[in-house]
Amino acid sequence: MKILITGGNNAKALKLMKAFPSHFVLLADYGDVPAIVTENYAFSSLGLLNKDSIAHILLNFCITEAIDCIIPLHDYEVLPLAKSAVLFGEYGIQVLLPHADVIADYLTTEKITRQNFAVFIHGDRIFSTEESLVSVNGSSNLNGVFGFNSADDLKLFTI
């Protein structure tokens with residue numbers, strides 16, 4: 001499986017790589033990106049940032065690069081991609097975000113540092129930096145990468 005993580009120039013994106021040890025991870029960002037390619041990961045540029053056409057830019061990039069799953073980390077990408085998830089799905093690309101109807105529950109404007117993160121796919125926790133999060137499994141709304149300090153404080157892992 002080939003996974004695209006946006007915000008590839010940020011340390012948070014690099015932390016996420018350990019959640020996908022058996023997949024190829026493409027770390028991408030807007031503007032200049034270091035040209036590094038290894039067996040398990042690579043860096044790539046998404047071109048110039050145009051916030052008005054984020055979903056279009058990312059869909060074209062995913063199709064061109066044969067991406068199977070996208071994890072958007074930039075806060076300005078989250079809503080456009082959640083709203084476009086069905087379109088991405090038609091191309092066989094999974095958008096790892098909660099459904100657009102409930103995504104507001106997981107957004108925050110607070111500048112609280114969340115020490116841990118967990119990755120959920122349709123309610124199943126596939127990775128967590130803190131094992132005490134076991135009780136959260138089950139909600140199908142949990143789709144994506146969430147930062148947390150406690151199990152009742154899940155917010156999208158964004159930059």
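Below: a short report on this structure.

Rules of the game
- Residues numbered from 1 in each chain as written.
- Predicted model: local features only at pLDDT ≥ 70, side-chain atom pairs only at ≥ 80, totals over all residues.
- Heavy atoms only, no water.
- Pairing = 2+ DSSP bridges.
- Helix = DSSP H or I, 4+ residues; strand = E, 2+ residues; numbered from the N terminus.
- Phe/Tyr/Trp six-rings, centres within 6.5 Å; stacked < 30°, edge-to-face > 60°.
- Buried < 20%, exposed > 50% of the residue type's maximum accessible area, 1.4 Å probe, protein only.
- Salt bridge = Lys/Arg side-chain N within 4 Å of Asp/Glu carboxyl O.

What holds strands together in a sheet is hydrogen bonding between their backbones, with the strands either parallel or antiparallel. Pairing within the open sheet is parallel, and its five strands lie in the order 3-2-1-4-5. Each edge of the open sheet is held by one strand with a lone partner, namely strand 3 (41-45) and strand 5 (94-95). As paired strands, strand 1 (residues 2-6) and strand 4 (residues 69-71) are joined by three bridges and run parallel to one another. Across the sheet, Ile-3 pairs through a bridge with Cys-69, a residue of strand 4.

What follows deals with the pairing of strand 7 (residues 124-128). As judged from the four bridges shared by strand 6 (residues 116-121) and strand 7, these two strands associate in the antiparallel manner. Looking at strand 7, one finds that Val-119 is bridged to Phe-127. Where strand 6 folds back on strand 7, the antiparallel hairpin that results is connected by two residues, among which His-122 adopts a positive phi of roughly 50°.

Our next topic: the packing of aromatic side chains. Applying the stated criterion to the full structure yields six aromatic pairs. Aromatic pair Tyr-30 and Tyr-76: ring centres 6.3 Å apart, planes at 45°, arrangement tilted. Within this pair, whereas Tyr-30 is found in the loop between strand 2 (24-29) and strand 3, its partner Tyr-76 is found in helix 3 (residues 75-83), the two being separated by 46 residues in sequence. Relative to Phe-43, the ring of Tyr-41 lies with its centre 6.1 Å away and its plane at 85°, an arrangement referred to as edge-to-face. Of the residues examined, Tyr-41 reaches a relative accessible area of 26% and is grouped as partly exposed. A relative accessible area of 14% places Phe-43 in the buried class.

A separate point is the pattern of salt bridges. If you walk through the whole model with that rule in mind, you get one salt bridge. For Lys-2, the salt bridge goes to Glu-65, with nearest N and O atoms at 3.9 Å. One end of the pair, Lys-2, is in strand 1; the other, Glu-65, is in the loop between helix 2 (54-64) and strand 4, with 63 residues separating them in the sequence. When its relative accessible area of 28% is taken as the criterion, Glu-65 is described as partly exposed.

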